[in-house]
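Listed here are the chains, written in short residue letters.
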Amino acid sequence: MPLVQCSPLRLGRFTLRERCIPVISIGREEDIAKVDPSRQIAELRADLMGVERAIGALERLAAGGGATAIFTFRSRDAAAASAAYSRATDAGAACVDIDAALLGSVSSDLGGARVIVSMHMFEGDGIGNSLDEIGSIPADIYKVAANYNTRMAFYRDLSMCAWFKREVKKPMIFAPMGQEAQDFRLMSALVVSDLMYCSAGAPTAPGQTGCQEFGEYLSSLETAAGLRQWSDDMIE
């Protein structure tokens, strides 16, 4: 689980391979307490909560042995992004999510943090040629997020993502957005996604569902399909 597996990759206290792990995407500092560190990862959206608050949260999590954290800063300001990511890795981020367009502007010295290279398509219907573009970029984890108007487009791209993941053998996140995105994200988690973004309250992106609800749905689907359940060897 997911059905198309990657080569094992350590991310904080988790090993990515056996199950899609929920990531609680946090845009408000007070929502950090809602993360269960043994079963969930926290994404700190510095562009929403502010860089200073996100860095402070990272430092507290690292000092207290708290949740594994992904640091994300969506910005068109390359200099600001580079400075934010450098500070995040110094503060103990296990992983950084960097937009592919900004990657060349960010320091290559990321202190051992895992790197998610991401692309987002907010218009149109699907991922287009993004897999060809993103596949040429060295990364620990690949992420594509796209808007969907039709089920046919989603099923086409799910198949493309499955092929891509078999080729690169690395962890992947395929995050659909749009009217039916919640159902699509469950299917993505079952087939290709090693991580999937959920909300702690107000969604930080279109299509997110509540993390508890997502976990319950996913467990129900796994049980119905006779798939692997949570394994204790995934965490320390």
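Procedures and definitions
Residues numbered from 1 in each chain as written. Predicted model: local features only at pLDDT ≥ 70, side-chain atom pairs only at ≥ 80, totals over all residues. Heavy atoms only, no water. Helix = DSSP H or I, 4+ residues; strand = E, 2+ residues; numbered from the N terminus. Rg over C-alpha atoms; globule rule 2.2 N^0.38 Å. Buried < 20%, exposed > 50% of the residue type's maximum accessible area, 1.4 Å probe, protein only. Contact = heavy atoms within 4.5 Å. Areas by Shrake-Rupley, 256 points an atom, 1.4 Å probe, with all protein chains shown as cover. Lys, Arg positive; Asp, Glu negative; His and termini not counted. Charge placed at Lys NZ, Arg CZ, Asp CG, Glu CD. Pairing = 2+ DSSP bridges. Expected span 1.5 Å × (residues − 1). Disulfide = S-S within 2.5 Å. Phe/Tyr/Trp six-rings, centres within 6.5 Å; stacked < 30°, edge-to-face > 60°. Lys NZ or Arg CZ within 6 Å of the ring centre and 35° of its normal.

1. Overview of the overall build of the chain
- Counting its regular elements, the chain contains seven helices and 10 strands.
- Against the 2.2 N^0.38 benchmark of 18 Å for 236 residues, the chain shows a C-alpha radius of gyration of 16 Å, consistent with a compact globule.
- Looking at the 236 residues of the chain, the share that counts as buried comes to 51%.
- Of the contacts formed within the chain by residues at least 6 apart in sequence, a portion of 61% connects residues at least 24 apart.
- For the chain, the exposed area adds up to about 10300 Å²; of that, 50% sits on carbon and sulfur atoms.
- Each charge class in the chain can be summarised by its mean position, and for the 23 positive and 30 negative side chains these summaries are 2 Å apart.

2. Some points on the pairing of strand S6 (residues 95-99)
- Within S6, four of the five residues are buried, which leaves it mostly tucked inside the rest of the structure.
- One ladder, built from three bridges, connects strand S5 (residues 69-72) with S6; its direction is parallel. Within S6, the residue paired with Phe71 across the bridge is Val96.

3. Regarding helix H3 (residues 78-90)
- The end-to-end C-alpha separation of H3 is 19 Å, in line with the 18 Å expected for 13 residues at 1.5 Å each.
- Buried-residue contacts for H3 involve helix H2 (51-64), S5 and S6.
- Just downstream of H3 lies Gly92, where phi reads positive at about 105°.

4. Concerning the state of the cysteines
- Counting across every chain of the model gives zero disulfides.
- Between Cys20, a cysteine without a disulfide, and Cys198, which holds the nearest cysteine sulfur, the sulfur-to-sulfur distance is 7.7 Å.
- Judged by its relative accessible area of 0%, Cys20 falls in the buried class.
- In this structure Cys161 is a free cysteine whose sulfur lies 13 Å from that of Cys20, the closest cysteine sulfur available.
- Take Cys161: its relative accessible area is 0%, and that puts it in the buried class.

5. Here we look at the packing of aromatic side chains
- Under the counting rule described, the total for this entry stands at eight aromatic pairs.
- The interplanar angle of 90° and the centroid separation of 6.3 Å between the aromatic rings of Tyr148 and Phe184 together place this pair among those described as edge-to-face. Note that Tyr148 is positioned in the loop between strand S8 (141-147) and helix H5 (151-168) and Phe184 in helix H6 (residues 181-191), a separation of 36 residues in sequence.
- Judged by its relative accessible area of 1%, Phe184 falls in the buried class.
- For the ring pair Phe154 and Tyr155, a centre distance of 5.6 Å and an interplane angle of 55° mean the geometry is tilted.
- Among the aromatic residues, ring-to-ring pairing joins Tyr148, Phe154, Tyr155, Phe174 and Phe184 into one connected group.
- One Lys or Arg, Lys143, reaches over the ring of Tyr197 and ends 4.3 Å from the middle of that ring.

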